[in-house]
Amino acid sequence: MMTLVEDASLAHGPLVLLMTVAEEVGLEGANGLDPALVTGQILLNLDSEEDGTLTVGCAGSTDSWIRLDEPRAPVDPGSATLRVTASGGLGGHSGNNIDDGRSNAVKVVARALREASAAVPFRLVSLDGGKSRNAIPRDAHAVVSVAAGSEQALRDAVGQAGATISEMVAVTEPDLRVTVDAADAAADAWSEETTARFLDVAALVPSSVLAMSQVPGLVETSSSLGEAITEGSTLTLHSLSRSSNDAAMPEVLAGLEAAARLGGGRLEVKHNYGGWQPNLDSAVLAAARRVYERQFGHEAAVYGIHAGLETAVIGEKVPGLDMLAFGPQIEFPHSPDERVGIATVERFWQLLVGLLDELSRPEGAAA
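The following refers to the structure shown. (Residues numbered from 1 in each chain as written. Predicted model: local features only at pLDDT ≥ 70, side-chain atom pairs only at ≥ 80, totals over all residues. Heavy atoms only, no water.)

Some points on the overall build of the protein chain
- Along the backbone of the protein chain there are nine helices and 17 strands.
- C-alpha atoms of the protein chain, sized along the principal axes, occupy 85 × 40 × 35 Å.
- Put simply, the protein chain has 367 residues, and 46% of those count as buried.
- Sequence-distant contacts, at least 24 apart, represent 79% of the contacts inside the protein chain between residues at least 6 apart.
- Accessible area for the protein chain stands at about 17,200 Å²; split by element, carbon and sulfur atoms hold 52% of it. (Helix = DSSP H or I, 4+ residues; strand = E, 2+ residues; numbered from the N terminus. Buried < 20%, exposed > 50% of the residue type's maximum accessible area, 1.4 Å probe, protein only. Contact = heavy atoms within 4.5 Å. Areas by Shrake-Rupley, 256 points an atom, 1.4 Å probe, with all protein chains shown as cover.)

In structure tokens form, the structure reads like this:
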């Protein structure tokens, strides 16, 4: 960006250089932007990470918490306490990996228990799993209280349900396991009726792709159950829902609210930022495709990402911007192993200069 304004030989129209801070920790710079500072009609975001790719959309996100709060009572005399654990899943990013067929450990434990409850009654002591709102849980566990005479029957029922779940994801996650072990004696638990309701809610909370985009292969809308947390008499199910289509988010939240209400709980919502919906008829995209093919002899890939970019935030603040994101090849971003492909930096620069030259011509952005 600085070279563009320092090198007088480069052809371009008037430029506004927008540099933000704290993108990695929550798009804080973009969220704090005064939209009056943005006077252009075209936004070129130089923060994409794939060489040869023109990024035309990204997902917005909303956090939600289903709070289920019911009284507990002492466990029955002589009852056994068991721990049911799901482990061995791959986990991953709840946006980038949501369409990879990976299991959600919280959902796995809840499903195994829900199916087992049809054969053996028990009382839920706790359900916990997941470590981050934006990650697919790899591990989760539940503690249950069961009558001593029914302990083996519950072990067998959970084992059978776990085997079915493992078979379902055998291709994508061959190491997924559901195990049952003895646990420290519990003092209290939710009732059987409350246990059934809580497990029903966990079954209703989505953790999957909900809609695909007009861009081939791109997820438009998804929701992922990121955390289950037991605190006293409250079970919290924390989800992160994403969509590049803002109009789709109310439907997702309506489903979560319905699940909470049917379970006797409540829903809390925190909107983070809106989505950047792909516009395949964008004039800037058309110009970039022409320049790319002219310079490199083949077509650029046109794609979107099912995660957040600053373009979504800025586009929401400044309606009507024609936006495009591209950049050099960056691998392992936000980690100590982050690196950039040196040869791709040159290609990135050539595309940027060529695109600005194209857009500076009267017919450039309209052709």
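Now, onward.
Here we look at the pattern of salt bridges
- Within this structure, the stated rule accounts for 16 salt bridges.
- One salt bridge in this structure joins aspartate 100 and arginine 102, with 3.9 Å as the shortest N-O distance.
- Residue classification places aspartate 100 among the partly exposed residues on the basis of a relative accessible area of 34%.
- For arginine 102, a relative accessible area of 28% corresponds to the partly exposed category.
- Ionic pairing is found between glutamate 331 and arginine 339, a salt bridge with its closest N-O pair at 2.7 Å.
- In this structure, a network of salt bridges that share partners links the residues Arg67, Arg266 and Glu268. (Salt bridge = Lys/Arg side-chain N within 4 Å of Asp/Glu carboxyl O.)

Regarding the packing of aromatic side chains
- This model, assessed by the stated rule, comprises three aromatic pairs.
- Residues phenylalanine 326 and phenylalanine 348 carry aromatic rings whose centres are separated by 5.7 Å and whose planes lie at 65° to one another, so their mutual orientation is edge-to-face. Taken together, the positions of phenylalanine 326 in the loop between β15 (322–325) and β16 (330–331) and phenylalanine 348 in helix α9 (residues 342–360) put the pair 22 residues apart, joining distant regions of the chain.
- Its relative accessible area of 1% is what places phenylalanine 326 among the buried residues.
- The class of phenylalanine 348 is buried, set by a relative accessible area of 15%.
- Sitting above the plane of the tryptophan 190 ring, arginine 72 keeps its charged end 4.5 Å from the centroid. (Phe/Tyr/Trp six-rings, centres within 6.5 Å; stacked < 30°, edge-to-face > 60°. Lys NZ or Arg CZ within 6 Å of the ring centre and 35° of its normal.)

Focus on a nonpolar patch on the surface
- Together, Met1, Met2, Val5, Leu15, Leu17 and Met19 make up an exposed nonpolar region whose accessible area comes to about 500 Å².
- Structurally, the position occupied by methionine 1 is in the segment before α1 (2–6). (Patch = residues over 30% accessible without salt bridge, like charges linked within 9 Å, V, L, I, M, F, W, Y side chains within 5 Å.)

Digging into the environment of valine 109
- Checked against the element boundaries, valine 109 lands in helix α3 (residues 105–117).
- With relative accessibility at 0%, the residue valine 109 sits in the buried group.
- Ignoring any residue separated from it by four or fewer positions in sequence, one finds valine 109 in contact with Val84, Thr85, Ala86, Leu127, Ala140, His141 and Ala142.

Notes on the environment of valine 171
- Positionally, valine 171 belongs in the loop between α4 (151–168) and β8 (177–182).
- For valine 171, a relative accessible area of 81% corresponds to the exposed category.
- For the pair valine 171 and alanine 248, spaced 77 residues apart in the sequence, the C-alpha separation amounts to 31 Å.

Remarks on the nonpolar core
- Core analysis: the largest hydrophobic core is formed by 47 residues, its most contacted members being Ile66, Val109, Leu113, Leu154, Val158 and Leu237.
- Of all the elements, α3 adds the most residues to this core, at eight residues.
- What leucine 113 contacts, discounting residues up to four positions off in sequence, is Val84, Phe122, Leu124, Ala142, Val144, Val158 and Leu199.
- Counting residues in each nonpolar core, the second largest holds 23 residues, with Leu44, Phe326, Leu352 and Leu359 among its members. (Core = buried A, V, L, I, M, F, W, Y, C linked by side-chain atoms within 4.5 Å.)

Points about α3
- Compared with an ideal rise of 1.5 Å per residue, which puts 13 residues at 18 Å, α3 spans 18 Å between its outermost C-alpha atoms and is within 8% of the ideal.
- All of the buried residues along α3 are Ala105, Val106, Val108, Val109, Ala110, Ala112, Leu113 and Ala116.
- If you check the start of α3, you find a side-chain oxygen 3.0 Å away from the backbone N of valine 106, and it comes from asparagine 104. (Expected span 1.5 Å × (residues − 1). Polar contact = N/O pair within 3.5 Å; in protein donor to acceptor, adjacent residues only side chain to side chain.)

Quick look at the packing of α3 against helix α5 (residues 192–204)
- At a closest axis distance of 9 Å, the pairing of α3 and α5 adopts a crossing angle of 130°. Between α3 and α5, the angle is such that the two are oblique. Seen along the crossing, α3 lies across α5 with a hand that is left-handed. Two secondary-structure elements touch here, α3 through Lys107, Ala110, Leu113 and Arg114 and α5 through Leu199, Asp200, Ala202 and Ala203.
- Of the residues contributing to the contact of α3 with α5, the split by class is five nonpolar, no polar and three charged. (Axes fitted to C-alpha atoms, helices over the stretch in contact; angles between N-to-C directions. Parallel < 35°, antiparallel > 145°, perpendicular 65-115°, else oblique. Left-handed = near helix turned anticlockwise from the far one by under 90°. Nonpolar A, V, L, I, M, F, W, Y, C, P; charged D, E, K, R; others polar.)

Comments concerning the packing of helix α7 (residues 283–296) against α9
- Where α7 contacts α9, the axes come no closer than 9 Å and their chain directions differ by 125°. It follows that α7 is oblique to α9 by the angle criterion. Once α7 is placed against α9, the crossing between them reads as right-handed. Between α7 and α9, the residues in contact are Val284, Ala287, Ala288, Arg290, Val291, Tyr292, Arg294, Gln295 and Phe296 and Arg347, Gln350, Leu351, Gly354, Leu355, Glu358 and Leu359, respectively.

Section: the side chain of threonine 62
- By secondary structure assignment, the location of threonine 62 is in strand β3 (residues 60–69).
- Beyond its immediate sequence surroundings of up to four residues, threonine 62 is in contact with Ser239, Leu240, Ser241, Met249, Leu253, Val269, Lys270, His271 and Asn272.

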